[in-house]
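A structural walkthrough
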Amino acid sequence: EKGHLWGGRFGSGPAEAFERLNASIPFDIRLAPYDVRGSIAHARMLGEVGIISREEAEALVGGLEAVLAEIEAGEFEWTLTDEDVHTAVERRLREKVGEVALKLHTGRSRNDQVALDLHLFCRDAAERIRDGVLDTMLALVQVAERHRDLVIPGYTHLQRAQPLLLAHHLLAHFWALGRDLRRLEAAREAANVSPLGAAALGGTPHPVDPAFTAAELEMEPFVNSLDAVSERDFALDLLYACAVLGVHLSRMGEEWVLWTSQEFGFAELDDAYSSGSSIMPQKKNPDAYELMRGKAGRLIGDLNALLVVLKGLPLGYSKDLQEDKEPLFDAVDGVLAVLDVLPGMLRTARFRRERMERAAGGFALATELADFLAMRGVPFREAHRVVGRLVRRCEELGVSLEEVPREELAAAHPAFGGLPEGLLTPRGSVAGKKSPGSTSPAAVEEQLRRARELLETR
Ligand code: ARG
C-alpha cells in the first residue's frame, strides 16, 4: 500500500513509471504555503461549526502552523509517494500531531483543495506582478522627466517618419503598462474566490460553512460547487494578463535592441545590464532585452497550453487539470524575472542625444513642410506633392531637408519664402504640434502630470 491516500481499495501499489507520471509533487510543492493556509482556515471552520471539537481544531491548527514553519525554513521533505502537495502536508501533519490529523479532510476533497491553492497562488502572483509593473511605470516616468528635451525619430514601417520627444515615446509604453495594470487587478479579483466547501463536486453532507472559510482567507465564497472545482478561468485571466504584458515588454525589448545597435546608436545600457561575447572582445549585448522579447513566446504558449487543456473537459475534476500548474508557474516566474530587471535597466541607460537628434531630422521633417504650406492655404494634397518633389530634388542634390538652398525652396513653392527659422528642425517640429495627446512639449507635460496622478492613486 506504500502509504498512498487511496490505498484502501487497491490490492497493489502503483507501477513506478505510473507513479512518476501521476505525481505532481515535484512541481506543486511550491503551493505548500497556500495549501497550509487553506487547511488552517478549513480546520478552524470544522471546529467553529462543531464537525470536530474545538480542541481537535486547535491541535490541527497548531500542527499546520508547525508544518508551515518547516516549509518556510526550507526544511520540509517530500517523496514521490506523497503524490501531491496536499498529501505531503497531511502526511507531515499526522507525523506531528498524530491521529487527529485524519479528521482534517472531513467535508473536503483534493478537488476543492487544489482549486483553492491555485486561487491563492494566482491572487498573490497578480499582486506581485502588478507591483513590478508599477515600478516599471515609475521608471519610465522618471526617465521621461529626466530627458524632457530629447528628440528621437518616430517610425512607421521602421522608416523614419516624424520627430518625437523621447518622453512621448517612453510614455507610450507607460500607458500600455497602465492597461496591463488593470488586467492584473481584474485577474486578482477573479482569483479572490474560495472553492473550499465544494468538496469533490456536489458539496458534502457535513454542515460546512464556505463563507466562514472564505472570510478567513479574505475571499468571496463560491456559488456553485460543480463550477468551483471545474473552472480555471482565474488562471486563464492571469495568463492572459501575462501574455499581453509579455507582448508589450517584447515590443519594448525589440526597440531597445535596435536603439543599442551600432546602426541606431541611440542608447547604451549600463554594464550591469549587458553581457559580452566569449570570442568577440568588442561585444556588448542587450541580452536582457532579447530575453524580454523571447519570453513573450513562452507566455503566449503558456496561455495557449491551459486553454487547450481546458477546452475538451467535461465539468467535474479530471486529472488533466493537474496540467494547469506548470504553464502558470512558468508564466509567473518569467514575468517576474523580467520585471525584476527592467526598472533598473531603464533607469541606468544612457541616451546619445546627437545621434537621436540627427536621425530625427532630415527627411523626417518633410511633413512639417507640407503642413506649413497647408496652413498657408495650399490644399494638403497639393502641398504633399510639392514637398514630395522637393524631397526628390534634395536626393538629386545630395542634401538633407535642413540644408536645402533657399532658392530651391522658393522654386518648390513661393509660400516657402515665409518659412520661419527653426521650424525645419526636430525640436521645431515637435514644438509646432498643437493637438491634444501629441508629442508637443506642452502635451507631454500634461501626460507626465496624468502619469504621476495614476501612480499616486495606486
Ligand atoms: N495533484 C492534483 C492536481 O494537481 C490534485 C487534485 C487531485 N484530485 C483527484 N481527484 N485526483 O490537480
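Residues numbered from 1 in each chain as written. Predicted model: local features only at pLDDT ≥ 70, side-chain atom pairs only at ≥ 80, totals over all residues.

Per an unreviewed UniProt entry, the protein carries the name Argininosuccinate lyase and comes from Rubrobacter xylanophilus.

**Details of the overall build of the protein**
What the protein contains, in helices and strands, is 18 helices and 6 strands. In terms of C-alpha radius of gyration, the protein reaches 30 Å, well past the compact-globule figure of 23 Å for 458 residues. Each principal axis of the C-alpha atoms in the protein carries an extent, and together these give about 100 × 50 × 40 Å. Per-residue burial for the protein yields a buried fraction of 40% across its 458 residues. Across the protein, contacts joining residues at least 24 apart in sequence account for 76% of those joining residues at least 6 apart. (Helix = DSSP H or I, 4+ residues; strand = E, 2+ residues; numbered from the N terminus. Rg over C-alpha atoms; globule rule 2.2 N^0.38 Å. Buried ≥ 20, exposed ≤ 12 C-beta atoms within 10 Å, placed from the backbone. Contact = placed C-beta atoms within 7 Å.)

**Some points on the packing of helix H14 (residues 366-375) against helix H15 (residues 380-397)**
When two helices pack together, their arrangement is given by the angle between the helix axes and by the axis-to-axis distance. Contact geometry of H14 with H15 gives a least axis separation of 8 Å together with a crossing angle of 140 degrees. Classed by the angle they form, the pair H14 and H15 counts as oblique. Classified by chirality, the crossing of H15 by H14 is right-handed. Contacts between H14 and H15 pair Ala366, Leu369, Ala370, Leu373 and Ala374 from the former with Phe380, Ala383, His384, Val386, Val387 and Val391 from the latter. (Axes fitted to C-alpha atoms, helices over the stretch in contact; angles between N-to-C directions. Parallel < 35°, antiparallel > 145°, perpendicular 65-115°, else oblique. Left-handed = near helix turned anticlockwise from the far one by under 90°.)

**What about the site of the ligand?**
If you check the shell around the ligand, you find Ser24, Asp28, Asp84, Arg110, Asn111, Val114, Tyr317, Lys319, Leu321 and Gln322 and nothing else. Of the residues forming the shell around the ligand, the biggest block, 3 residues, is contributed by helix H6 (residues 110-146). Per-class residue counts for the shell around the ligand are 3 nonpolar, 3 polar and 4 charged. Inspection of the shell around the ligand shows a minimum of three residues originating in each of domain 1 (7-106) and domain 2 (111-154 + 163-199 + 224-358). (Near = placed C-beta within 6 Å. Nonpolar A, V, L, I, M, F, W, Y, C, P; charged D, E, K, R; others polar. Domains from an automatic or database assignment.)

**A closer look at the UniProt feature "domain: Argininosuccinate lyase C-terminal" (unreviewed entry) in the protein**
Under the UniProt annotation, "domain: Argininosuccinate lyase C-terminal" (unreviewed entry) lies at residues 363-431. The span residues 363-431 is 59% helical and 0% strand by assignment, and the distance between its end C-alpha atoms comes to 17 Å. (UniProt positions renumbered as here; feature names shortened; annotations may be inferred.)

**Some remarks on the nonpolar core**
The biggest cluster of nonpolar side chains holds 114 residues, and the ones touching the most others in it are Cys122, Leu140 and Leu238. Of the residues forming this core, the biggest block, 17 residues, is contributed by H6. Apart from residues lying up to four places away in sequence, leucine 238 is in contact with Cys122, Ala125, Ala126, Ala187 and Ala191. (Core = buried A, V, L, I, M, F, W, Y, C linked by C-beta atoms within 7 Å.)

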